[in-house]
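Fold and contact review
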Amino acid sequence: MSLQLGSIAPDFEQESTHGTIRFHEWAGSSWVILFSHPKDFTPVCTTELGAVANLKAEFDKRGVKPIALSVDDVDSHKRWSVDIEETQRTKLNYPILADVDRKVSGLYGMIHPQASDTLTVRSVFVIDPNKKVRATFTYPASTGRNFDEILRLIDSLQLTDSHSVATPANWKDGDEVVIVPSLQDPAVLAQKFPKGYNAVRPYLRLTPQPNR
Ligand code: BEZ
């Protein structure tokens, strides 16, 4: 069965381009995006790993550590990193796990045998500082992921944690947000949302983004 939202992200020890990673220890008190890709020296993967490296400042701002994974070995990752850095004009500033023995892929369900018996699909796990899996999604090998969407997802999760709000369809940072239905006490609402809110329906209450 695949990992479910709210479950603890499995801990592991695996080799990487940054040496041996003990996952929970490495994650520390940060958020993490753990993302797998099918294979080194392939075009879509090259652009994806470059895109993540180029977003370092955005991940840092949100307290997020990225970590990539494929079933190729460390030597291959290191040789491929040179190509990524040259072609995507960046520095690879996060580790790539070398999951040669499929230990991590197995724990996280990153190999989908109907797609490929041996290669990892494009899985993403967003993991919070308590090591809980907060979001997951999977793309096929042929479609590169939108890492701006992953930043948007992290912004939404962090806003929910800090301000008891949810984010509506197509929300972007700075747009109105939704007050979670569990909040009903008028005194708490007044204290949490001093700018007020618009109850379009009793269950659909919009308020300006509280941290803006
Ligand atoms: C790619 O990264 O371009 C790729 C990898 C595996 C299969 C198809 C495409």
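Residues numbered from 1 in each chain as written. Predicted model: local features only at pLDDT ≥ 70, side-chain atom pairs only at ≥ 80, totals over all residues. Heavy atoms only, no water.

**Quick word on the packing of aromatic side chains**
Counted according to the given criterion, the structure contains eight aromatic pairs. For the pair F12 and Y108, a centre-to-centre distance of 6.2 Å together with 85 degrees between the ring planes defines the contact as edge-to-face. With F12 in the segment before β1 (13–14) and Y108 in helix α5 (residues 103–108), this pair connects stretches of sequence that are 96 residues apart. A network of ring pairs unites the aromatic residues F12, F23, W26, Y108 and F125 as a single cluster. One residue, K65, lies across the ring of W26, its end atom 4.5 Å from the ring centre. (Phe/Tyr/Trp six-rings, centres within 6.5 Å; stacked < 30°, edge-to-face > 60°. Helix = DSSP H or I, 4+ residues; strand = E, 2+ residues; numbered from the N terminus. Lys NZ or Arg CZ within 6 Å of the ring centre and 35° of its normal.)

**Concerning the UniProt feature "active site" (unreviewed entry) in the chain**
In the numbering adopted here, UniProt assigns the feature "active site" (unreviewed entry) to C45. Within the fold, C45 resides in helix α2 (residues 43–54). You can call C45 buried: its relative accessible area is 1%. Leave out the neighbours within four places in its chain, and C45 touches H37, P38, K39, W80 and R122. (UniProt positions renumbered as here; feature names shortened; annotations may be inferred. Buried < 20%, exposed > 50% of the residue type's maximum accessible area, 1.4 Å probe, protein only. Contact = heavy atoms within 4.5 Å.)

**Brief notes about the packing of α2 against helix α4 (residues 74–87)**
Packing of α2 against α4 leaves a shortest axis separation of 9 Å and a crossing angle of 70 degrees. The orientation of α2 with respect to α4, classified from their angle, is roughly perpendicular. On α4, the residues that touch C45, T46, L49 and G50 of α2 are W80, I84 and T87. (Axes fitted to C-alpha atoms, helices over the stretch in contact; angles between N-to-C directions. Parallel < 35°, antiparallel > 145°, perpendicular 65-115°, else oblique.)

**Some points on the site of the ligand**
In the neighbourhood of the ligand, the contacting residues comprise P38, T42, P43, V44, C45, R122 and A141. A distance of 2.8 Å separates an oxygen atom of the ligand from a polar atom in the backbone of C45. Summarising the interface, the protein chains cover 74% of the accessible area of the ligand, which totals 260 Å² for the free molecule. A per-element tally of the shell around the ligand places α2 first, with three residues. For the shell around the ligand, the per-class residue count stands at five nonpolar, one polar and one charged. (Near = heavy atom within 4 Å. Polar contact = N/O pair within 3.5 Å; in protein donor to acceptor, adjacent residues only side chain to side chain. Areas by Shrake-Rupley, 256 points an atom, 1.4 Å probe, with all protein chains shown as cover. Nonpolar A, V, L, I, M, F, W, Y, C, P; charged D, E, K, R; others polar.)

**Notes on the pairing of strand β3 (residues 31–36)**
The buried fraction of β3 amounts to six of the six residues, a majority that puts the element mostly inside the structure. Side chains W31, I33 and F35 project from β3 onto one buried face, and the interleaved V32, L34 and S36 project onto a second face that is buried too. In terms of strand pairing, β3 meets strand β4 (residues 64–70) through six bridges, oriented parallel. Each residue of the ladder has a partner; that of L34, found in β4, is I67. (Pairing = 2+ DSSP bridges.)

**Re the sheet that holds strand β5 (residues 96–98)**
The sheet built from five strands is open, its strands ordered β5-β4-β3-β6-β7 with mixed pairing. The sheet terminates laterally at β5 and β7 (133–139), the two strands that pair on one side only. Strand-to-strand twist in this sheet, taken as the mean axis angle between neighbours without regard to direction, amounts to 20 degrees. Contacts from α4 reach β4 and β5, with the element oriented near 150 degrees to β5. Where helix α6 (residues 147–163) meets the sheet, it contacts β3, β4, β6 (122–127) and β7, and its direction lies at approximately 150 degrees from that of β3.

**As for the domain arrangement of the chain**
Domain assignment breaks the chain into domain 1 (13–144) and domain 2 (163–207). A separation of 35 Å is found between the C-alpha centroids of domain 1 and domain 2. (Domains from an automatic or database assignment.)

**Focus on the nonpolar core**
Side chains of nonpolar character tend, in soluble globular proteins, to be buried together. With 24 residues, the main nonpolar core has I33, F35, L49, F59, Y94, V126 and I154 as its most contacted residues. Broken down by secondary-structure element, the contributors of at least two residues to this core are β3, α2, β4, α4, β6 and α6. In terms of residue count, α6 provides more of this core than any other element does, five residues in total. Dropping the residues within four chain positions of it, L49 is found in contact with F35, H37, A68, W80, I84, L92, Y94 and I96. Within the second largest apolar cluster, 18 residues are counted, among which are L3, V104, F125 and I127. (Core = buried A, V, L, I, M, F, W, Y, C linked by side-chain atoms within 4.5 Å.)

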